[in-house]
Amino acid sequence: MEFRPVILDRNRCFACVPQNYPVTIDKSEAHSDYDIVEGHFRSPFADYVPGVVPKESETAYFQMVLPKKWKTRLKPICLHLAGTGDHYFWRRRSLLAKPLVREASIGSVILENPFYGLRKPKLQTGSNLHNVTDIFVKGGCLAMEAIVLFHFCEREGYGPLGVTGISMGGHMASVAACVWPKPVALIPCLSWTTASCVFTQGVMSGAIPWDLLENQVFSDCFYRGELRNILSDLKDDAAFVAGKHFVTEYASKESSRYVNGSFQSRLEAGFSRLSSKDREAHAAALHFMRGIMDEFTHLGGFSRPVDSSTIIVVVAKDDGYVLREGIVDLKEIWQHAEVRYVDAGHISAFLFKQSVFRQAIVDAFRRITTKYYAHLQ
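The rules behind these values
Residues numbered from 1 in each chain as written. Predicted model: local features only at pLDDT ≥ 70, side-chain atom pairs only at ≥ 80, totals over all residues. Heavy atoms only, no water. Helix = DSSP H or I, 4+ residues; strand = E, 2+ residues; numbered from the N terminus. Buried < 20%, exposed > 50% of the residue type's maximum accessible area, 1.4 Å probe, protein only. Contact = heavy atoms within 4.5 Å. Areas by Shrake-Rupley, 256 points an atom, 1.4 Å probe, with all protein chains shown as cover. Core = buried A, V, L, I, M, F, W, Y, C linked by side-chain atoms within 4.5 Å. Axes fitted to C-alpha atoms, helices over the stretch in contact; angles between N-to-C directions. Parallel < 35°, antiparallel > 145°, perpendicular 65-115°, else oblique. Left-handed = near helix turned anticlockwise from the far one by under 90°. Nonpolar A, V, L, I, M, F, W, Y, C, P; charged D, E, K, R; others polar. Phe/Tyr/Trp six-rings, centres within 6.5 Å; stacked < 30°, edge-to-face > 60°. Expected span 1.5 Å × (residues − 1). Patch = residues over 30% accessible without salt bridge, like charges linked within 9 Å, V, L, I, M, F, W, Y side chains within 5 Å. Salt bridge = Lys/Arg side-chain N within 4 Å of Asp/Glu carboxyl O. Lys, Arg positive; Asp, Glu negative; His and termini not counted. pLDDT = per-residue confidence, 0-100.

### Things to note about the overall build of the protein chain
1) Next: When its secondary structure is counted, the protein chain shows 16 helices and nine strands.
2) Next: The buried share of the protein chain, taken over its 377 residues, is 59%.
3) Next: Pairs at least 24 apart in sequence give 76% of the contacts found in the protein chain among residues at least 6 apart.
4) Next: As displayed, the protein chain offers around 15,800 Å² of accessible surface, 51% of which is attributable to carbon and sulfur atoms.

Below, the structure is given as structure tokens:
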């Protein structure tokens, strides 16, 4: 919780990761029309916030997919961050990285998410995180790990740099672009300005075990009393604002509980059903939870990318997971970004619009190359 302002501030976050941060290459494989390089490094977030990152997630693993020959003197490379349930490298390698090598001579770096694949905690089942706060830990890890990989790519002579992701990966890609102090091609797909609506309003909200989380909150007498005081007689908007305020005010009173883990399982969890059976109280608690999530994930709270004209966002017109109605428009915070719409829902876009995502990546790299690297081609 106390480290949150560092992630929100590009200068402070960037300063945490030295340019020569150690990265180990484990192996290389030569294929007919591309090469694969695999490596690992320790997540800087694990050292800055000790005890919060699971042991299994402390080491970050990545895979690079590189062209045999580059078309020009430039070596464009795109960082791919994982969406929900995207374990290991194979899906992003098959659907995005290999086609990008063949179609546009763009290399890729595929990063394994904390809590996923090679970094999945032993007691975790599939993609089911144990704590709501694991979402925020994942975001902090990925922000700093992106800086490590961008530094590494620059040391190795790659560039221009870009970052992309689908769904949750798109949101994390946006955060990665916010903490890098140079122009970067950013292509977030099927994401928007905040992740709060995904967990409290969209289709995925029905998958959250609210009863279990409610019991966890009520088992803590301190938070039970504080939250009842906050939520009494609040309307939706006021509850939303109260949730945002709670993050910075009440959480600081118990910051040590966040570090030792008890706060992880009790704070953000279950606020959507925190109050009694009363419908109005239920709605207020839901908006309170959304306020807390918004405070952590809204892109308007982060430093703005250095150049928003090199951003191309792809969204689904009928997305039932990532809602846009009533949410701050992305163009309001990133004025020069381009937004492209596909005639699909969230799942159908993922299944059938991969070519649209790839074209957006190619176009964003063409845009940043023309603007900043034309003299080097």
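### Focus on the nonpolar core
Side chains that are nonpolar tend, in soluble globular proteins, to be buried together.
1) Next: Judged by nonpolar contacts, the single largest core of 66 residues is most densely connected at Phe45, Phe62, Met64, Leu79, Leu81, Val163 and Trp334.
2) Next: The leading source of residues in this core is helix α5 (residues 133-155), at twelve residues.
3) Next: Membership of the second largest hydrophobic core comes to 23 residues, among which are Leu96, Ile106, Ile166 and Cys189.

### Structural notes on the packing of α5 against helix α6 (residues 168-178)
1) Next: Between α5 and α6, whose axes approach to 9 Å, the crossing angle comes to 55 degrees. Of the possible angle classes, the one that applies to α5 and α6 is oblique. Where α5 crosses over α6, the two elements pack in a sense that is right-handed. When α5 is examined against α6, the residues Ile135, Lys138, Gly139, Leu142, Ala143, Ala146 and Phe150 are found in contact with a partner set consisting of Met168, Met172, Val175 and Ala176.
2) Next: Grouping the amino acids of the contact of α5 with α6 by side-chain chemistry returns nine nonpolar, one polar and one charged.

### Remarks on the environment of Ala97
1) Next: With respect to the helices, strands and loops of the structure, Ala97 is situated in helix α4 (residues 90-104).
2) Next: Sequence separation between Ala97 and Arg358 is 261 residues, and the spatial gap between their C-alpha atoms is 9.0 Å.
3) Next: Discounting residues that sit within four places of it in the chain, Ala97 has contacts with Val65, Arg92, Ile106, Ser108 and Ile110.

### Focus: the packing of aromatic side chains
1) Next: Counted by the stated rule, this structure contains six aromatic pairs.
2) Next: Pairing Phe14 with Trp180 gives two aromatic rings, centres 5.6 Å apart and planes at 75 degrees, and the pair type is edge-to-face. Taken as a pair, Phe14 in helix α2 (residues 10-15) and Trp180 in the loop between α6 and β7 (185-189) lie far apart in primary sequence, 166 residues in all.
3) Next: For Phe14, a relative accessible area of 24% translates into the label partly exposed.
4) Next: Judged by its relative accessible area of 1%, Trp180 is buried.
5) Next: Among the aromatic residues, ring-to-ring pairing joins Tyr21, Phe41, Phe62 and Phe152 into one connected group.

### A look at α5
1) Next: For α5, which comprises 23 residues, the first-to-last C-alpha distance of 34 Å matches the rise-based estimate of 33 Å (1.5 Å per residue) to within 8%.
2) Next: The element α5 is largely enclosed, with a buried count of 21 among its 23 residues.

### Remarks on a nonpolar patch on the surface
1) Next: The grouping of Tyr88, Trp90 and Leu118 at the surface amounts to a nonpolar patch, some 330 Å² of accessible area in total.
2) Next: With respect to the helices and strands, the residue Trp90 is situated in helix α4.
3) Next: Owing to a relative accessible area of 46%, Trp90 belongs among the partly exposed residues under this scheme.

### Description of unusual backbone geometry
1) Next: For the bond running from Gly159 to Pro160, omega is 5 degrees, close enough to zero to count as cis.
2) Next: Among the structural elements, Pro160 can be located in the loop between α5 and β6 (161-166).
3) Next: Positive phi, close to 55 degrees, is recorded for Ser105, a residue that is not glycine.
4) Next: Structurally, Ser105 can be placed in the loop between α4 and β5 (107-111).
5) Next: Within the chain, Ser167 stands out as a residue other than glycine whose phi angle is a positive 60 degrees.
6) Next: When you line up the elements, Ser167 lands in the loop between β6 and α6.

### Examining the side chain of Lys98
1) Next: Of note, Lys98 is situated in helix α4.
2) Next: Buried and unpaired, Lys98 has Asp33 as its nearest opposite-charge partner, separated by 7.2 Å.

### Considering the pattern of salt bridges
1) Next: For the structure on display, the rule yields 17 salt bridges.
2) Next: Between Arg91 and Asp86 there is a salt bridge whose closest N-O contact spans 3.1 Å.
3) Next: With relative accessibility at 21%, the residue Arg91 sits in the partly exposed group.
4) Next: A residue is classified by how much of its surface remains accessible, and Asp86, at 7% relative accessible area, is buried.
5) Next: Residues joined by salt bridges that share partners form a network here, namely Glu338, Arg340, Asp363, Arg366 and Arg367.

### Quick look at the packing of α4 against helix α16 (residues 354-373)
1) Next: In the contact formed by α4 and α16, the axes pass within 10 Å of each other and the chain directions differ by 55 degrees. Looking at the two axes, α4 sits oblique to α16. Crossing angle aside, the handedness with which α4 passes α16 is right-handed. Across from Leu95, Leu96, Pro99, Leu100, Glu103 and Ala104 in α4, the residues of α16 making contact are Gln354, Phe357, Arg358, Ile361 and Val362.
2) Next: Tallied by class, the residues present in the contact of α4 with α16 amount to eight nonpolar, one polar and two charged.

### Focus: the confidence of the model for the protein chain
1) Next: Mean pLDDT over the protein chain works out to 81, with 72% of the residues at or above the 70 mark.
2) Next: In this model, residues 230-236 is a region of pLDDT below 50 whose contacts with residues beyond four sequence positions or in other chains number 15 contacts.
3) Next: Low confidence marks residues 250-279, where pLDDT is under 50. Its contacts with residues over four positions away, or in another chain, come to 84 contacts.

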